[in-house]
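Topology and contacts: notes
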Amino acid sequence: MYQPWTVKYKPKSLKEVVGNKEAIQKFVDWVKSWNEGIPEKRAAFIYGPPGVGKTVTVEALANDFKMELVEKNASDYRTEEAVKRFAGLASQYGSLFGTRRIILFDELDGLTGTADKGGVKAMVDVIKTAQCPIVLIANNAFDPRFAVLRSYCLLIEFKKPSVTEVLKHLKAICLKEGIDAEENALKFIAQRSEGDIRSAVTDLQALAQGKKRLTYDDVSWLGFRDRQENIFTVLRMILYGKTCDGAKRAVNMADVDVDMLFEWIYENVPNHFTDPHDLARAMDALSMADVYRGRIKRTQDWGFIRYVIDYMTAGVAMARVNTKTSGWTPFHFPERIQALSKSKEERSIQLEIGKKIKRKCHISATRASKEILPYLRIIFKNNVEMAAGIAKWLDLTPEMVEYVAESKEKAAAINKLLG
Amino acid sequence: MSFEMWAEKYRPKTLDEMVNQKEIVERLKSFVKAKNVPHCIFAGPPGTGKTTAALCLARDLYGENYREYIMELNASDERGIDVVRETVKTFARVRSIGEVPFKIMILDEADNMTADAQQALRRTMERYTETCRFILCANYSGKIIEPIQSRCAPFRFTYLPREEHDKYLRYIAENEGVSLLDEGLDAIYEVCGGDLRRAINTLQAAASLSKPIDAKVVYSIAGRANPADVRKMIDVAMKGNFIEARKQLREMIQKYGVAGSDIIRQIHTEIFKLDIPEPWKIKLADIVGEIDYRLVEGADEEVQLSALLAKLVEAAYEMRGSTKKV
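In what follows, the accompanying structure is described. (Residues numbered from 1 in each chain as written. Chains lettered and ligands numbered in written order. Predicted model: local features only at pLDDT ≥ 70, side-chain atom pairs only at ≥ 80, totals over all residues. Heavy atoms only, no water.)

**Some points on the packing of aromatic side chains**
- Going through the model one piece at a time under the given rule, you end up with 15 aromatic pairs over all chains.
- Where A:Trp5 meets A:Tyr9, the ring centres are 6.2 Å apart and the plane angle is 90°; that geometry is what we call edge-to-face.
- With 6.1 Å between their ring centres and 90° between their planes, A:Trp30 and A:Trp34 make a pair best called edge-to-face. A:Trp34 matches A:Trp30 in its accessibility class, with the two residues each being buried.
- Each member of the aromatic cluster is reached from another via a ring pair, and the members are A:Tyr292, A:Phe304, A:Tyr307 and A:Tyr311.
- Across from the ring centre of A:Tyr292, 4.7 Å away, lies the NZ or CZ of A:Arg295, which sits over that ring.
- One Lys or Arg, B:Arg133, reaches over the ring of B:Phe102 and ends 4.3 Å from the middle of that ring. (Phe/Tyr/Trp six-rings, centres within 6.5 Å; stacked < 30°, edge-to-face > 60°. Buried < 20%, exposed > 50% of the residue type's maximum accessible area, 1.4 Å probe, protein only. Lys NZ or Arg CZ within 6 Å of the ring centre and 35° of its normal.)

Given below as structure tokens:
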């Protein structure tokens, strides 16, 4: 019978859990402290990347300490009511059969937006009055949604285990399965997993099950798992792609959406295409990708997204003809994204001033902020009296005066005249 | 020196005060006399008196309380179809109770209305002709849909002739006690090209420096008031520094809110002033034209314009190569 090795070789005891010794000790100490009465923090929040053993640890602990584990997944506590149903369970330390109880809310990341808002709030209420240990698990504890929740929890971070630790685990499995594995074959798998033990074990099973021997050649062809690669890897695949397919595949690996990926590419192309012809070709490809974005907007036909992707990935990759790929050029965060929030604010005050001008000058607010505001800036810089007169005439607020004057001192002088 | 916007202070109040656009003014006066106004399109470049003429006409027609009988809408701010459906319709269908049986709706910058809104407007114009007349002000009458054009009396406004322009600015300068030198006046005309609003704003900004207005002052004002230093950006690109050129572009768009269409128009003008081999100018114009078209189709002005900058970098690189060979 087929059984996933991730289940078959799941640690039954804390001793078998790979890595994170300190975090596990912290967790154990906290659970033990319940024996001396209710601790300050009635919940523990375990967080860390996928596949590093968070859930496994809780399960192993329950097993070691002979506790009753009540486990709930994201889908079970979408609403306030659903969470409150556990309130009863949480209000008693022991269960009917005398064993002690531990309540686990797993996959908290799965809570989505507003629909689950009540759920998080209800969870806080449950924790406040809990009579038994409650454990929360998520990849990212610092999601703003968990801000309140966090303050009631003991935070425990689980880190990626080292390659050596993963390797040890894989070796142990091979031994039990009677597989003679080359050390560097297992090392390859361990490295590629980037600390995700679950995926390492899954890979090992896919490659080695039923074999007597596992060699490096058996594993080296291993294709890319559709893991969400970090953005730099994705950018490298696109900006230095040799084939259209390779560049296009990068999109599926990015953990950002297409628009954000576009921004990353758009920001970084100039630094990585130094030859003028290559640069012009790459920017032209981005321009065409943008044309297709415009077509999507106009037609609302999202089918065109494939051409956006073609141009922004393969189009950019194929632009490289002359630029050598030597040396290491760093990647930059899209500056536009940072600037955008600021300029939004600026645009809004510009528009407010524009509206004031519009009332007096028979010109649209949009045009006023472009055509008249620049002159006001000059006047406000040079002539405090005239500025005050105009500010009064236009009925500008002190904030607007400060924005136009572009200097706190000048604005103060003008506002003083205004009284 | 008075401390309000001079462009407003010196805006003519009545048709008699309007010194320019004489033929147009005469026709408008005849409307006032007959107490009947057709739907009108006032088309022409900025600062030539379109809005002023509409306001003067209204004042002459309705008297001092003219504001009660007119509504001014700016299509650049309120360009959608909803505005036509709600605001315009509500205003248009209510009969006025004065001597003049209709009200006037002034639609400024009407060429910025969406096509949908224009279609809706066309029906509104037709239905409420009895109770409301429309004056559409636009830079380009070509952007107004045919059916509306055919319902309106067209008026073409042109830039002020040089003498009128000078007379007007001298009058303001004298009245405000500002010393405006001849070379300063020349410079204003050169910089503003007959756009009276811009000319008066430039004059006032120059006056705020509290010294005689010479050419140097005017140029410095114009330079600072026009953040879209497109020429500088082109020069940076032609020198091969794409990243800096894109930075300047970004600043124009994000900080100063300059429209992409304005930038590309200026690039097009500047290209023919560049010190490059003549055949290249037309090559560059072709590139500009292509991007101009994509600007209409695309979603992001900065992306399109920076693609254009990259082409300029490339073209300049090729030019350098070809001169070396020669």
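And the narrative resumes.
**Points about the packing of helix H11 (residues 230–238) of chain B against helix H13 (residues 260–271) of chain B**
All names here are of chain B.
- Close contact between H11 and H13 brings their axes to 9 Å; oriented N to C, the two are set at 65°. When the axes of H11 and H13 are compared, the pair comes out roughly perpendicular. At the point where H11 passes H13, the crossing takes the right-handed sense. From H11, Val230, Arg231, Met233 and Ile234 reach across to H13, where they touch Ile263, Gln266, Ile267 and Glu270.
- Residues of the contact of H11 with H13, tallied by class, amount to 5 nonpolar, 1 polar and 2 charged. (Axes fitted to C-alpha atoms, helices over the stretch in contact; angles between N-to-C directions. Helix = DSSP H or I, 4+ residues; strand = E, 2+ residues; numbered from the N terminus. Parallel < 35°, antiparallel > 145°, perpendicular 65-115°, else oblique. Left-handed = near helix turned anticlockwise from the far one by under 90°. Contact = heavy atoms within 4.5 Å. Nonpolar A, V, L, I, M, F, W, Y, C, P; charged D, E, K, R; others polar.)

**Some remarks on the interface of chain A and chain B**
- Taken together, the contacts link 54 residues of chain A with 58 residues of chain B.
- Of the roughly 5,100 Å² buried between chain A and chain B on both sides combined, carbon and sulfur atoms contribute 54%.
- Counting across the chain A and chain B interface gives 5 salt bridges.
- The shortest N-O distance in the salt bridge between A:Glu267 and B:Arg246 comes to 3.9 Å. (Buried area = accessible area lost by both parts, 1.4 Å probe. Salt bridge = Lys/Arg side-chain N within 4 Å of Asp/Glu carboxyl O.)

**Quick look at the pairing of strand E3 (residues 101–105) of chain A**
Residues and elements named next belong to chain A.
- Burial of E3 is extensive: 5 of the 5 residues sit out of reach of the surface.
- Of the two faces of E3, both are covered, the one formed by Arg101, Ile103 and Phe105 as well as the one formed by Ile102 and Leu104.
- Taken together, the 5 bridges between strand E2 (residues 68–72) and E3 define a ladder with parallel strand orientation. Pairing of Leu69 across the sheet is with Ile102, part of E3.
- Across 3 bridges, the pairing between E3 and strand E4 (residues 134–138) is parallel. Each bridged residue has a counterpart across the sheet, and for Phe105 the counterpart in E4 is Leu136. (Pairing = 2+ DSSP bridges.)

**Description of the pattern of salt bridges**
- Taken as a whole and judged by the stated rule, the model has 38 salt bridges over all chains.
- In this structure, B:Asp16 engages B:Lys29 in a salt bridge whose closest nitrogen and oxygen atoms are separated by 2.7 Å. Here B:Lys29 lies in helix H2 (residues 22–34) and B:Asp16 lies in the loop between helix H1 (6–9) and H2, a separation of 13 residues in the sequence.
- Residue B:Asp16 is classed as exposed on the basis of its relative accessible area, which comes to 63%.
- Here B:Glu26 makes a salt bridge to B:Lys29, at a shortest N to O gap of 3.9 Å. Taken as a pair, B:Glu26 and B:Lys29 lie in helix H2 at a separation of 3 residues, close to a single helical turn.
- Residue class for B:Glu26 comes out partly exposed when judged on its relative accessible area of 48%.
- Members of the salt-bridge network, linked through shared partners, are A:Glu267, B:Arg246, B:Arg250 and B:Glu302.

**Considering the sheet that holds strand E5 (residues 153–157) of chain A**
Residues and elements named next belong to chain A.
- The parallel open sheet is built from 5 strands, whose spatial order is E2-E3-E4-E1-E5. This sheet does not close on itself; its edge strands, each paired only once, are E2 and E5. With strand direction ignored, the average angle separating the axes of adjacent strands in the sheet is 20°.
- Packed onto the sheet, helix H2 (residues 21–33) meets strand E1 (43–47), E3, E4 and E5 and runs at close to 155° relative to E5.

**Focus: the nonpolar core**
- Judged by nonpolar contacts, the single largest core of 68 residues is most densely connected at A:Ile265, A:Val269, A:Val316, B:Ile263 and B:Leu284.
- The element best represented in this core is helix H15 (residues 301–325) of chain B, accounting for 11 residues.
- By size, the runner-up hydrophobic cluster in this structure holds 54 residues, among which are A:Ala368, A:Leu396, B:Trp6 and B:Ile221. (Core = buried A, V, L, I, M, F, W, Y, C linked by side-chain atoms within 4.5 Å.)

**Description of the environment of B:Ile135**
Residues and elements named next belong to chain B.
- Among the structural elements, Ile135 can be located in strand E4 (residues 132–138).
- In this structure the C-alpha to C-alpha distance between Ile135 and Glu72, which are 63 residues apart in sequence, comes to 9.6 Å.
- The contacts of Ile135, once residues within four sequence positions are left out, are Cys40, Phe42, Ala54, Leu57, Ile104, Met105, Ile106 and Leu107.

**Section: the packing of helix H7 (residues 162–175) of chain B against helix H9 (residues 196–207) of chain B**
Residue and element names in this part refer to chain B.
- Between H7 and H9, the shortest axis-to-axis distance is 11 Å and the interhelical angle comes to 30°. When the axes of H7 and H9 are compared, the crossing they make is right-handed. Contacts from His165, Tyr168, Leu169, Ile172 and Ala173 of H7 reach H9 at Leu196, Ala199, Ile200 and Leu203.

**Regarding the sheet that holds strand E3 (residues 103–108) of chain B**
Residue and element names in this part refer to chain B.
- Judged by pairing direction, the sheet is parallel, and its 5 strands sit side by side in the order E2-E3-E4-E1-E5 without closing on themselves. Bordering the open sheet on either side are strand E2 (70–74) and strand E5 (153–156), each of which pairs with just one other strand. Across this sheet, the average inter-strand angle for adjacent strands is 15°, counted without regard to direction.
- Helix H3 (residues 50–62) rests against strand E1 (40–43), E2, E3 and E4 of the sheet, and its axis sits at about 170° to E3.

These values are about where atoms sit, not about what they do.
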